[in-house]
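# Reading the structure
Below, each chain spelled out in residue letters.
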Amino acid sequence: MTDSFGNPVFKESFKKFFEVDANGELKMGFLSKTTVTCSKEVKVAGAIG
Amino acid sequence: MKQKNNFVADTEIGVGQTNAWYIGGLDYNKSIAFYFDICNTAALANHHKVHVQFQTHYQHVNGTKRVRVTTVQRLMSNPDDLREMAYGFDQETAAVLLSRYSIFKTFSEDAMDVIRWLDRMLIKLVARFAEFKKDDPNSFKLSREFSLFPQFMFYLRRSPFLQTFNASPDES
């Protein structure tokens, strides 16, 4: 098991990370906030990311 | 975010006691499991509709603020009607949710305790939904919706996620 920055596995995933869409923008969103609202019969217990 | 209100259940699964979460980065492969608790079962009449809405605000790479709203409607079944409840059971989803929950539990609890908890969960579920005659193992029968679920749990509890013995800390 060796790992280096020259390793193709690392290179590919690094490229994938900075992949852009048709407008040349990263395929990501930042500073996000998710709110859950629900009917009174259910309540939200938590989230696991 | 610890914003307690009427939407928040008393029980906590994962990161709870709130109905809003900050997520630093989102991409197409991001998935978050939300856990819900049913309260007020008396009010759950047959085929009652329940709505859940997710509002996600985020900043796009070009600086614009964006909002995505998803609203889902679920048909609830009568808690006494086991057949109908079983019909709505998605064993693959259940396996994913239970895996996430058990991995989350290993952060604060011993892996062995989590495995035992997982076993108890499976036993409880099977005891409720399987058909069997007492003291006769051959009469045991699980309906189609649950056919693979015990296997999923079997492989989960044996997987390196929970069986961390002989694995170095960076691997477990």
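Above this text is the structure in question.
Every chain is numbered independently, its residues counted from 1 as its sequence is written. Key to labels: chains lettered from A, ligands numbered from 1, both in the order written. With pLDDT at 70 or above as the cut-off, local features in this predicted model cover only qualifying residues; side-chain atom pairs require 80 or more to be listed or tallied, and sums for whole chains, interfaces and linings still use all residues. No hydrogens and no water enter the side-chain calculation; it runs on all heavy atoms of the structure.

### Observations concerning the overall build of chain A
Defined as follows: Secondary structure follows DSSP: runs of H or I at least 4 residues long count as helices, runs of E at least 2 residues long count as strands, and numbering of each begins at the N terminus. Accessible areas in this description were obtained via Shrake-Rupley with a 1.4 Å probe; residue shielding takes into account the shown protein chains only. Neither His nor the chain termini are counted; the positive set is Lys and Arg, and the negative set is Asp and Glu. By convention, the point assigned to a charge is CZ for Arg, NZ for Lys, CD for Glu and CG for Asp.
The secondary structure content of chain A amounts to one helix and two strands. Along chain A, helices (α) and strands (β) appear in the sequence α-β-β when read from the amino end. Judged by the C-alpha coordinates and their principal axes, chain A covers about 55 × 35 × 15 Å. Split by element, the accessible area of chain A, about 3300 Å² in all, is 63% carbon and sulfur. Side-chain charges in chain A split into 7 positive and 6 negative, and the spacing between the mean points of these groups amounts to 7 Å.

### Remarks on the environment of B:Asp119
With respect to the helices, strands and loops of the structure, B:Asp119 is situated in helix α3 (residues 111-129). The spatial distance from the C-alpha of B:Asp119 to the C-alpha of B:Met153 is 8.1 Å, given a sequence separation of 34 residues.

### Considerations on the pairing of strand β1 (residues 28-38) of chain A
This is how it is decided: Should DSSP find at least two bridges between two strands, the strands are regarded as paired.
Note that β1(A) and strand β1 (residues 20-27) of chain B share seven bridges and pair antiparallel. The residue of β1(B) that forms the bridge with A:Thr35 is B:Ala20. Sheet analysis places β1(A) next to strand β3 (residues 49-60) of chain B, joined by eight bridges and oriented antiparallel. Looking at the pairing, A:Thr35 lines up with B:Gln55 of β3(B).

### Re the pattern of salt bridges
Inclusion rule: For salt bridges, the criterion is a side-chain nitrogen of Lys or Arg within 4 Å of an Asp or Glu carboxyl oxygen. Only protein chains enter the accessibility calculation, which uses a 1.4 Å probe. A residue is then buried if its area is under 20% of the maximum for its type, exposed if over 50%, and partly exposed in between.
Within this structure, the stated rule accounts for seven salt bridges over all chains. Two residues, A:Lys40 and A:Glu41, come together in a salt bridge whose shortest N-O distance is 3.9 Å. In this structure, B:Glu109 and B:Lys105 form a salt bridge, with 3.7 Å as the shortest nitrogen-oxygen distance. On the accessibility criterion, B:Glu109 (34% relative accessible area) is partly exposed. Given a relative accessible area of 12%, B:Lys105 falls into the buried group. Look at the salt bridges and you will find they share partners, linking A:Lys16, A:Glu19 and A:Lys27 into a network.

### Examining the interface of chain A and chain B
As a reminder, the rule being used: Contacts: residue pairs with any heavy atoms within 4.5 Å of one another. Here the quantity called buried area is the total loss of accessible area, with a 1.4 Å probe, experienced by two parts when brought into contact, counted for both. Throughout this description, a polar contact denotes any pair of N or O atoms lying within 3.5 Å of each other; where both atoms belong to protein, one of them has to be capable of donating a hydrogen while the other can accept it, and for residues adjacent in sequence the pair is counted only when both atoms sit in side chains.
Contact residues are listed per partner, giving 25 residues for chain A and 53 residues for chain B. Carbon and sulfur atoms make up 56% of the surface buried where chain A meets chain B, a total of about 3800 Å² over both sides. Contact with chain B buries surface across chain A, with A:Glu41, A:Lys43 and A:Ile48 losing the most and accounting together for 20% of the total. Between the two partners, chain A and chain B, sit zero salt bridges. There are 20 residue pairs in polar contact (both at pLDDT 80 or more) connecting chain A and chain B.

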